[in-house]
Every structure is written in C-alpha cells, then in structure tokens.
Amino acid sequence: MNCKGVIREISDYIDGELDLPAKQELERHLEDCEDCKMVVEQTRLTVEIFCDSKPVELPTDVKSRLHDALRRKLHEKSN
Ligand SMILES: [Zn+2]
C-alpha cells in the first residue's frame with residue numbers, strides 16, 4: 001500500500017471497518033512512513049475530539065470533508 005492508499009482507507013481504518021489484510025497492509029506502511037503515521041494519529045485525535053470519546057458514527061459529510069482535507073494535505077506535500 002502506498003500513501004494514497006492509506007489516505008483512501010483512513011476513515012475505515014479509524015472506524016475499525018477495514019478488513020484484516022488491508023488493515024495489516026496499512027499498518028505495515030505506517031511503520032515505514034512517518035508522514036502517514038502522523039496523518040493517522042492526527043485524524044484519530046480529530047475524530048476522538050469530535051466524537052467526545054463516544055463510539056459515534058461520523059456523519060458522512062464530516063468524513064468526506066476529512067478525506068478532502070487529507071487529500072489536499074498530501075497533495076501539497078508532494079508538490
Ligand atoms: Zn505514507
């Protein structure tokens with residue numbers, strides 16, 4: 001899995017909705033990629049703050065806004 005794959009799967013990963021092979025692949029990437037590790041940690045924090053630590057499903061529009069923000073971030077970085 002590459003950085004783009006991580007960004008694509010990040011909300012499912014944080015929600016625990018990713019199937020095991022994809023999850024393992026993503027975590028393997030995180031071990032080698034500080035950038036993605038940071039993005040995942042930041043996203044997890046954002047989600048936790050947003051959800052007030054309760055197991056609440058993120059609204060779809062929030063998820064997609066998060067996705068867009070991360071995509072932009074990744075894009076800026078590669079430029
Ligand atoms: Zn990466």
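See the structure printed just above.
Model, not experiment: these values are computed from the prediction.

1. Here we look at the packing of helix H1 (residues 3-15) against helix H2 (residues 20-32)
And then number 1: The interhelical angle for the contact between H1 and H2, taken along N-to-C directions, is 125°, at an axis separation of 10 Å. For the element pair H1 / H2, the angle class is oblique. Remark: the crossing between H1 and H2 carries left-handed chirality. Each of Cys-3, Val-6, Glu-9 and Tyr-13 in H1 lies in contact with H2, whose residues at this interface are Lys-23, Leu-26, Glu-27, His-29 and Leu-30.
And then number 2: Among the residues forming the contact of H1 with H2, the class breakdown is five nonpolar, one polar and three charged.

2. Re the pattern of salt bridges
Pairing between side chains of opposite charge can happen when the charged atoms of each approach one another.
And then number 1: According to the stated counting rule, one finds two salt bridges in the structure shown.
And then number 2: Linking Lys-23 and Glu-27 is a salt bridge whose minimum nitrogen-to-oxygen distance equals 3.6 Å. Taken together, the positions of Lys-23 and Glu-27, both in helix H2 and four residues apart, correspond to about one turn of that helix.
And then number 3: Using a relative accessible area of 31% as the deciding quantity, one classes Lys-23 as partly exposed.
And then number 4: For Glu-27, a relative accessible area of 30% corresponds to the partly exposed category.
And then number 5: Measuring nitrogen to oxygen at the nearest pair gives 3.7 Å for the salt bridge that ties Glu-34 to Lys-37. Within this pair, Glu-34 and its partner Lys-37 are both found in helix H3 (residues 34-51), separated by three residues, close to a single helical turn.
And then number 6: A residue is classified by how much of its surface remains accessible, and Glu-34, at 55% relative accessible area, is exposed.

3. Describing the environment of Leu-70
And then number 1: Structurally, Leu-70 can be placed in helix H4 (residues 60-78).
And then number 2: Ignoring any residue separated from it by four or fewer positions in sequence, one finds Leu-70 in contact with Ile-7, Ile-10, Val-39 and Thr-43.

4. Some thoughts on the coordination of the zinc ion
And then number 1: The protein atoms donating to the zinc ion are Cys-3 (SG), His-29 (NE2), Cys-33 (SG) and Cys-36 (SG), with metal-donor distances spanning 2.0 to 2.3 Å.
And then number 2: Counting gaps between the donor residues of the zinc ion yields the pattern C-x25-H-x3-C-x2-C. Of this pair, Cys-3 sits in helix H1 while Cys-33 sits in the loop between H2 and H3, and the two are 30 residues apart along the sequence.
And then number 3: Residue classification places Cys-3 among the partly exposed positions, given a relative accessible area of 27%.

5. Digging into the nonpolar core
Taken as a class, soluble globular proteins show a tendency for nonpolar side chains to be buried jointly.
And then number 1: Of all hydrophobic cores here, the largest spans 16 residues; its most connected members are Val-6, Ile-10, Tyr-13, Leu-26, Leu-30, Val-40 and Leu-70.
And then number 2: Of all elements in the fold, only H1, H2, H3 and H4 reach the threshold of two or more residues within this core.
And then number 3: Ignoring sequence-local partners within four residues, the contact set of Val-6 consists of Met-1, Leu-26, His-29, Leu-30, Cys-36 and Val-40.

Basis of the calculations
- Residues numbered from 1 in each chain as written.
- Predicted model: local features only at pLDDT ≥ 70, side-chain atom pairs only at ≥ 80, totals over all residues.
- Heavy atoms only, no water.
- Axes fitted to C-alpha atoms, helices over the stretch in contact; angles between N-to-C directions.
- Helix = DSSP H or I, 4+ residues; strand = E, 2+ residues; numbered from the N terminus.
- Parallel < 35°, antiparallel > 145°, perpendicular 65-115°, else oblique.
- Left-handed = near helix turned anticlockwise from the far one by under 90°.
- Contact = heavy atoms within 4.5 Å.
- Nonpolar A, V, L, I, M, F, W, Y, C, P; charged D, E, K, R; others polar.
- Salt bridge = Lys/Arg side-chain N within 4 Å of Asp/Glu carboxyl O.
- Buried < 20%, exposed > 50% of the residue type's maximum accessible area, 1.4 Å probe, protein only.
- Donors = N, O, S within 2.8 Å, 3.2 Å for Na, K, Ca; no water.
- Core = buried A, V, L, I, M, F, W, Y, C linked by side-chain atoms within 4.5 Å.

By themselves, these figures tell us nothing about what the structure is for.
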